[in-house]
Amino acid sequence: MAVGILLVGGFGTRLKPLTDEYPKPMLPVAGLPVTEHQVLAAKKAGIHTLVFATSYLSEVFTPYFGDGSQWGIKIIYAVEKEPLGTGGAIRNAAELLGRTEPIVIFNGDVLSRHSISDQIAFHQKNSADVTLHLIDVEDARAFGCVPTDDSGRVTAFLEKMENPVTQSINAGCYIFSPDVIDKIPLGTVVSVERETFPALVESGRPVFGYKEQSYWLDVGTPAALFKGSRDLVDGEFQAMQSTVIAPDAVITGGTSIGARCLIGAATVIDDCIIGDDVIIEDGAHLSHSFIAHGATISAGTIKNGHYLSKKLDLPIPL
Ligand code: GTP
């Protein structure tokens, strides 16, 4: 058994304007918040308690997830008044957890189908301090890369470079041995990627990389969020329960529609992410657009590449 921490307190600046009103982890992907996809994966891996490390727009999480009983997992919340960085957030959240089980840390903006239980088993077999999920990408230049030796032991954490020495990058899911967490100072801004992990490797501590190449996507940019949603939609579109769609609406391109929406007659919708409780009136044409929860789109509206909410109408840098 294991416990977990979900890092969901960042500002999500690369996803603006989608993150102006909602925190990135709560944006819907194929009808469910990114975080909910992760809660389901954590539950599947046998994690019984999850701490949400929140900060920016922290108030949005609790009404949706409550105590987690709907998902059969205990959810508790650690709120940072000012964001503490990934390391500071982990230490702060871990104050709500015991120190007897491995602690699984999730970056809150990753969709991954890798086996978390296999990653935990690999961590335990190696008696590691930390085990990171690593993924090979075609072009690692945009990321820091993480070389390992033949046994899987991490040899360095390297910053972005023109000629990366390996294609393996940090995929944003880490297992910490419980006693290692307390090496991160409490109440201080710390980055695990830039400070904690390199310091552990430099001091010769056992840090391992667990490599698995199943579906993985960092949904940190608008284009990636749209791709993630399309990837999870099976077919031309997907709609959640209680949504009503006019028979002559044309919906394509992996569009996802949330719960309790009304999609009007003669609407044309392509490659859109539509939240819950949205009304799209007759004849609207929408493409590559994000329609936030509760928005009403007036009849005949034509938009391509826009963020539309109750209050905002802004172009998306796709
Ligand atoms: P950008 O501003 O677009 O880079 O996004 P971000 O703020 O989410 O930062 P980044 O993608 O580097 O963060 C990775 C994960 O850590 C995300 O799930 C963030 O929500 C989370 N995160 C980043 N900084 C903090 C923090 O200070 N506190 C907490 N609790 N979570 C954080």
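Each value, and the rule that gives it
Residues numbered from 1 in each chain as written. Predicted model: local features only at pLDDT ≥ 70, side-chain atom pairs only at ≥ 80, totals over all residues. Heavy atoms only, no water. UniProt positions renumbered as here; feature names shortened; annotations may be inferred. Helix = DSSP H or I, 4+ residues; strand = E, 2+ residues; numbered from the N terminus. Salt bridge = Lys/Arg side-chain N within 4 Å of Asp/Glu carboxyl O. Buried < 20%, exposed > 50% of the residue type's maximum accessible area, 1.4 Å probe, protein only. Domains from an automatic or database assignment. Buried area = accessible area lost by both parts, 1.4 Å probe. Nonpolar A, V, L, I, M, F, W, Y, C, P; charged D, E, K, R; others polar. Contact = heavy atoms within 4.5 Å. Phe/Tyr/Trp six-rings, centres within 6.5 Å; stacked < 30°, edge-to-face > 60°. Near = heavy atom within 4 Å. Polar contact = N/O pair within 3.5 Å; in protein donor to acceptor, adjacent residues only side chain to side chain. Areas by Shrake-Rupley, 256 points an atom, 1.4 Å probe, with all protein chains shown as cover. Pairing = 2+ DSSP bridges.

*Asks:* An account of the UniProt feature "domain: Nucleotidyl transferase" (unreviewed entry) in the protein is requested, with residue identities and associated values reported.
*Replies:* Listed under "domain: Nucleotidyl transferase" (unreviewed entry) in the UniProt record, and renumbered for this structure, are residues 4–232. In residues 4–232, helix accounts for 27% and strand for 24%; the two terminal C-alpha atoms are 24 Å from one another.

*Asks:* Outline the pattern of salt bridges, supporting the account with residue identities and numerical values.
*Replies:* Per the counting criterion, the structure on display carries 14 salt bridges. Between D231 and K227 there is a salt bridge whose closest N-O contact spans 2.9 Å. You can see D231 and its partner K227 sitting in helix α7 (residues 222–232), 4 residues apart, about one turn around the helix. For D231, a relative accessible area of 34% corresponds to the partly exposed category. The shortest N-O distance in the salt bridge between D277 and R260 comes to 2.8 Å. Of the two residues, D277 is situated in the loop between β18 (273–274) and β19 (279–280) and R260 in the loop between β15 (255–257) and β16 (262–263); the sequence distance between them amounts to 17 residues. Using a relative accessible area of 46% as the deciding quantity, one classes R260 as partly exposed. One network of salt bridges, in which partners are shared, links R91, E95, R99 and D182.

*Asks:* Tell me about the domain arrangement of the protein, and name the residues and values.
*Replies:* According to the domain assignment, the protein consists of domain 1 (2–218) and domain 2 (235–315). A separation of 32 Å is found between the C-alpha centroids of domain 1 and domain 2. Both faces considered, domain 1 and domain 2 share a buried interface measuring about 1000 Å² in area, 65% of it formed by carbon and sulfur atoms. The largest per-residue losses of area from domain 1 upon contact with domain 2 belong to P17, E21 and P28, which jointly make up 48% of the total buried on that side. For the pair domain 1 and domain 2, the number of links is 0 salt bridges. Residue composition of the side of domain 1 that touches domain 2, by class: 7 nonpolar, 1 polar and 2 charged.

*Asks:* Outline helix α1 (residues 34–44), supporting the account with residue identities and numerical values.
*Replies:* The set of residues buried in α1 consists of V34, T35, E36, H37, Q38, V39 and A42. Taken from the residues just after α1, G46 is the one with a positive phi, measuring 85 degrees.

*Asks:* Before we move on, can you summarise the environment of R153 with the specific residues and values?
*Replies:* Locating R153 in the fold gives a position in the loop between β8 (130–136) and β9 (168–176). For R153, a relative accessible area of 30% puts it in the partly exposed group. In sequence terms R153 and N163 are 10 residues apart; their C-alpha atoms lie 21 Å from each other. When near neighbours in sequence (up to four residues on either side) are disregarded, R153 contacts P147, T148, G204, R205, P206, V207 and F208.

*Asks:* How would you sum up the packing of aromatic side chains? Please name residues and give values.
*Replies:* According to the stated counting rule, one finds 13 aromatic pairs in the structure shown. Between the aromatic rings of F52 and Y77, the centroid separation amounts to 5.5 Å while the plane-to-plane angle is 75 degrees, which identifies the pairing as edge-to-face. One end of the pair, F52, is in strand β4 (residues 47–54); the other, Y77, is in strand β5 (residues 74–79), and 25 residues separate them in sequence. Seen from their ring centres, F157 and F197 are 5.5 Å apart, and the 25 degrees between their planes marks the pair as stacked. Here the residue F157 occupies a position in the loop between β8 and β9, and F197 occupies one in helix α6 (residues 192–202), the gap between them amounting to 40 residues. An identical accessibility class is assigned to F157 and F197; each is buried. Chaining the aromatic ring pairs together yields one cluster made of F52, F61, Y64, F65, W71 and Y77.

*Asks:* Account for the site of the ligand, naming residues and giving values.
*Replies:* Around the ligand lies a shell of 19 residues, among which L7, T13, E80, G85 and G108 are the nearest. In the model, a nitrogen atom of the ligand is placed 2.9 Å from a nitrogen or oxygen of the A53 main chain. One of the backbone nitrogen or oxygen atoms of G85 is found 2.6 Å away from an oxygen atom of the ligand. In the complex, 82% of the free accessible area of the ligand, which totals 600 Å², lies under the protein chains. Sorting elements by how many residues they give to the shell around the ligand places helix α3 (residues 85–94) first, with 3 residues.

*Asks:* With reference to specific residues and values, describe the sheet that holds β15.
*Replies:* Ordered in space as β12-β15-β18-β21-β24-β25, the 6 strands form an open sheet in which the pairing is mixed. Only two strands of the sheet have a single partner each, and these edge strands are β12 (237–239) and β25 (313–315).

*Asks:* Help me get a handle on the environment of G88, residues and values and all.
*Replies:* Take G88: it is sitting in helix α3. With 117 residues separating them in the primary sequence, G88 and R205 have C-alpha atoms 20 Å apart. Excluding its chain neighbours within four sequence positions, the residues that come into contact with G88 are I184, T188 and V190.

*Asks:* Please give an account of the pairing of β9 that cites residues and values.
*Replies:* Most of β9 is tucked away, with 8 of its 9 residues classed as buried. Looking at chain direction, strand β6 (residues 103–107) and β9 are connected through 4 bridges and run antiparallel. Counterpart to I103 in the pairing with β9 is F176. Pairing of β8 with β9 involves 6 bridges; the strand directions are antiparallel. Looking at the pairing, L134 lines up with N170 of β9.

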